[in-house]
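# Summary of the model geometry
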Amino acid sequence: IVSEHHSDGLGAIDRAAVDRFFEQYIDGRRTGAAVVLADVFQFGDSAEMADQLLALVVDGPKRATASCRLVYADDGGDLPEVGDLSVVCDGRGQPRAVVETTDVRVGPLVSVDDQFAWDEGEGDRTRDDWLEMHSRYFARAHPEHWADYGDDLPVVFERFELRCPEPGTGR
């Protein structure tokens, strides 16, 4: 099942372009196994943020992301799973990368550890900076949940590897 996450501050995801992009990715792998697209998403809540975070994935150190657990189904049926392939779109909704989920953990926001903050590749990559940035983001992006949970907001901590484009190519 493919879920498409995007915010009002982001361009609509171009589904036809995503399908073409993912087909090219599959064709380039030349494996006999069935390859399934699990998710299509954009980072953040604005086109500018989506582009900045995507650049950290394609040309930089970003190999993790955090999302609000409460935006997923109550039964967790749509949570990311190890091995999932996702297309990441830019702020205009154009596909730019394929990532593969390598680790998923759900816990309160404050349970983030130093290594996850480093792996997310944002800011100065420290836990304190990560908590400050993500507290502001979740308060802005999910005010209804933030008001109820604050720093105990349930978060999906997801690690991934870049599969396409190849790391460092920017293409």
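In this text the structure is predicted, and so the values were computed from the model without any measurement.

### Quick look at the pattern of salt bridges
In total, this model carries eleven salt bridges according to the counting rule given. For Glu-120, the salt bridge identified is with Lys-62, shortest N-O distance 3.2 Å. Separated by 58 residues along the polypeptide, Glu-120 in helix α3 (residues 114-120) and Lys-62 in the loop between α2 (47-58) and β3 (64-68) bring together distant segments of the chain. By the burial criterion, Glu-120 is buried, and Lys-62 matches it. A salt bridge links Glu-132 to Arg-136; its shortest N-O distance comes to 2.9 Å. With a gap of four residues between them, Glu-132 and Arg-136 both fall in helix α4 (residues 127-141), about one helical turn apart. Among the charged side chains, a network of salt bridges with common partners joins Asp-51, Asp-90, Arg-92 and Arg-96.

### Brief notes about α2
An ideal rise of 1.5 Å per residue puts 16 Å on twelve residues; α2 measures up with 16 Å between its terminal C-alpha atoms. Every buried residue of α2 is accounted for by Ala-50, Leu-53, Leu-54, Val-57 and Val-58. Along α2, the residues classed as buried sweep out an arc of 140 degrees about the axis, all on the same side. Contact partners of the buried residues in α2: β4 (85-89), β5 (95-108) and β6 (154-164).

### Some thoughts on the nonpolar core
Leu-109, Phe-116, Trp-130, Phe-138 and Val-155 are the most contacted members of the largest nonpolar core, which has 15 residues in total. Looking at this core, the elements that each hand over two or more residues are β3, α3, α4 and β6. At four residues, the largest contribution of residues to this core is made by α4. Apart from residues lying up to four places away in sequence, Phe-116 is in contact with Ala-64, Thr-65, Ala-66, Trp-130, Phe-157, Glu-158 and Arg-159. One finds Ile-13, Phe-22, Leu-85 and Val-87 within the second-largest nonpolar core, a separate group that totals twelve residues.

Conventions and cut-offs
- Residues numbered from 1 in each chain as written.
- Predicted model: local features only at pLDDT ≥ 70, side-chain atom pairs only at ≥ 80, totals over all residues.
- Heavy atoms only, no water.
- Salt bridge = Lys/Arg side-chain N within 4 Å of Asp/Glu carboxyl O.
- Helix = DSSP H or I, 4+ residues; strand = E, 2+ residues; numbered from the N terminus.
- Buried < 20%, exposed > 50% of the residue type's maximum accessible area, 1.4 Å probe, protein only.
- Expected span 1.5 Å × (residues − 1).
- Arc of directions from axis to C-beta.
- Contact = heavy atoms within 4.5 Å.
- Core = buried A, V, L, I, M, F, W, Y, C linked by side-chain atoms within 4.5 Å.

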